[in-house]
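# Architecture and fold: a report
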Amino acid sequence: MYNIRMSILSNKRIVLGVSGSIAAYKAADLASKLTQAGAQVDVILTASAEKFVTPLTFQSVTGRRAYTDADLWGSEAHVLHVGLGHAAHLLVIAPCTANTLAKLAHGQADTLLTVTALAAACPLIVAPAMDGGMYDHPATQKNIDTLRKRGAYIIEPAEGHLASGLTGKGRLPETPELIGHIRLVLGRGGLLAGKRVLVTAGGTQEPLDPVRVLTNRSSGKQGYALAQAALDAGAQVTLITTPTALTPPVGAKVIRVETAAQMLDAVLKEFPACDALLMAAAVADFRPKTVAENKIKKEGGIPQIELEATEDILKAVSGLRSEAKRKQVVAGFAAESQSLLENAANKLQSKKLDLIAANDISASDAGFSVETNRITLLFADGRRESLSLMSKSEAAEIIVERVAALLE
Ligand code: CTP
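These remarks concern the structure in this document. Sequence order sets the numbering: in each chain, residues are counted from 1 along the sequence as written. In keeping with the model being predicted, local features are shown solely for residues with a pLDDT of at least 70 and side-chain atom pairs are shown and tallied solely at 80 or more, while totals for entire chains, interfaces and linings include all residues. To get the side-chain values, take all heavy atoms of the structure and skip hydrogens and water.

## Description of the sheet that holds strand β12 (residues 253-256)
Pairing between strands is defined by DSSP: at least two bridges between the two strands are required. Strands here mean DSSP runs of E at least two residues long; helices mean DSSP runs of H or I at least four residues long; both are numbered from the N terminus. Here we have eight strands laid out as an open sheet, ordered β12-β11-β8-β13-β16-β17-β19-β20, and mixed in their pairing. Strands at the two margins of the open sheet, each flanked by one partner only, are β12 and β20 (384-386). The average angle at which neighbouring strand axes cross in this sheet is 15 degrees, direction not considered. Here strand β11 (residues 236-241) runs beside β12; their pairing, made up of four bridges, is parallel. The partner of Ile240 across the bridge, within β12, is Ile255. Contacts are assigned to residue pairs with any non-hydrogen atoms lying within 4.5 Å of each other. Axis geometry follows a simple rule: fit a line to the C-alpha atoms, using only the stretch in contact for helices, then measure angles between N-to-C directions, giving values from 0 to 180 degrees. In the packing of helix α13 (residues 392-407) onto the sheet, contacts are made with β13 (276-279), β16 (329-336), β17 (355-360), β19 (375-379) and β20, and the angle to β19 comes to roughly 10 degrees.

Put into structure tokens, the structure is as follows:
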């Protein structure tokens, strides 16, 4: 039943407006990635965008016709000028030049793109991109402010090298970041709108000396996927993460920790304000009792490392829950290499969880570092749900849906 999960982008109709900036070539990648994610992308190029890229570029990556100002006066003009915007879930203008920005702010309608923007009732995302000084100019800032006040979502340009050779603010952010913002806007009003979700991710690192740590093989992928799925569902997300190789999802408030003790402090601080805690981190159960001040040298012989227990974060949280006056859902994760369901059921009960996701890490296609998981969900009321092998993102979407149902 859950084999094919649709992400937030699938079957969404997105109009992508491209205006005349050197960053227009990056819009082709954006159009391609949105299409690959399942969106229907209709591209509109301004006349100056056509100096940098061609409609064929976009047609090739979207599999759909791309529109230009010639269409504003063509045989379908009477339908197109309002039709493109009316059918859309979202209008994204990336890159948006200072000129197009000014037209949008003032409601000017002399191009197919700006006519479409006026006719569209869907949310508008604008990603300004321009060369040195233009972004900071009071005229541009005023236009951005006007659009923002009117409800447009502005993606701040990145700082760095600009086409002129200058360095400054004005670069179009890279595709994954643009898509992160698009997901945030599409997620508004989702299942978890108005809810705060706290997610922990990654393996904790317990120092032995200034250069060595005791850690585990957690990649953080399942936790980051949960944070993204909660954002897609419209939640306000705080991600408490250990060092990982991953980029946090756009829109999450990120708290970086290393040790189990730091994670405990962060969770206890954030938990009272949250509606759901998804405890996906692999927390060390033991840490070195003492941390050497200086690097342990081999001349000293093989060290004897004495360990001590860390505190169980979920058990500490269950103490706080009794004080809460409102419903809070707590989900744990059990990574087991044997007696999966029995161990998970024990953890569900001893940690007073609403839900535990049990994952068999002995399989080569599930658990640490891989992209997929085979999870069984165990609920406090005794219900069990076995999910087939699926990507960590798909598993995250289902867990988030179940958490939302428990919060109802
Ligand atoms: N957990 C926690 N605090 C710890 C250890 C684990 O909050 N000190 C949480 C994990 O984040 C996870 C759940 O408890 O959500 C189960 O973690 P797991 O490592 O599977 O269980 P443990 O309680 O550590 O038991 P064991 O290692 O003996 O299996």
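## Some remarks on the site of the ligand
The environment of the ligand is formed by 16 residues, the closest being Met279, Ala281, Asp285, Lys347 and Lys351. The contact in question runs from an oxygen atom of the ligand to an N or O atom on the backbone of Met279, over 2.8 Å. Asp285 is positioned with one of its side-chain polar atoms (N or O) 2.8 Å from an oxygen atom of the ligand. For the ligand, whose accessible area on its own is 570 Å², the fraction buried by protein is 76%. At the level of elements, α11 (313-321) and β16 are the ones that each hand at least two residues to the shell around the ligand. Take the shell around the ligand: its biggest share by element is four residues, from β16. When residues are grouped by polarity, Ala, Val, Leu, Ile, Met, Phe, Trp, Tyr, Cys and Pro land in nonpolar, Asp, Glu, Lys and Arg in charged, and all others, Gly among them, in polar. Within the shell around the ligand, the residues separate by chemical class into nine nonpolar, two polar and five charged. Near residues are defined by distance, with any heavy atom within 4 Å of the molecule or strand qualifying the residue. Here a polar contact is recorded for every N or O atom pair within 3.5 Å, except that within protein the pair must consist of a potential hydrogen donor and a potential acceptor, and residues adjacent in sequence are included only if both atoms are side-chain atoms. In these tables, accessible area is a Shrake-Rupley quantity obtained with a 1.4 Å probe, and a residue counts as shielded only by the protein chains included in the view.

## Focus: the pattern of salt bridges
Salt bridge, as applied in this entry: a Lys or Arg side-chain nitrogen positioned within 4 Å of an Asp or Glu carboxyl oxygen. All chains considered together, the criterion is met by 23 salt bridges. Across the pair Asp42 and Arg64 runs a salt bridge, and its minimum N-O distance is 3.0 Å. Taken together, the positions of Asp42 in strand β2 (residues 40-45) and Arg64 in the loop between α3 (55-62) and α4 (77-86) put the pair 22 residues apart, joining distant regions of the chain. The exposure class of Arg64 is partly exposed, given its relative accessible area of 28%. With a closest N to O distance of 2.5 Å, Asp209 and Arg212 form a salt bridge. Using a 1.4 Å probe on the protein chains alone, a residue whose accessible area is under 20% of its type maximum counts as buried, one over 50% counts as exposed, and one in between counts as partly exposed. Residue classification places Asp209 among the buried positions, given a relative accessible area of 2%. Owing to a relative accessible area of 33%, Arg212 belongs among the partly exposed residues under this scheme. Residues joined by salt bridges that share partners form a network here, namely Lys26, Arg171 and Glu174.

## Some words on the pairing of strand β7 (residues 167-171)
Within a regular strand, side chains alternate between the sheet's two faces. In the sheet, strand β6 (residues 158-161) pairs with β7 via four bridges, with the strands oriented antiparallel. Looking at β7, one finds that Gly160 is bridged to Gly168. Connecting β6 to the next strand, β7, in antiparallel fashion are five residues, including Gly165 with a positive phi near 100 degrees.

## What to know about the sheet that holds strand β5 (residues 153-154)
Pairing is parallel across the open sheet formed by five strands, whose spatial order is β2-β1-β3-β4-β5. In this open sheet, the two strands that pair with only one neighbour each are β2 and β5. Where strand β3 (residues 90-96) meets strand β4 (residues 124-128), four bridges bridge the pair, whose relative direction is parallel. In the strand pairing of β4, Leu91 is matched with Leu124.

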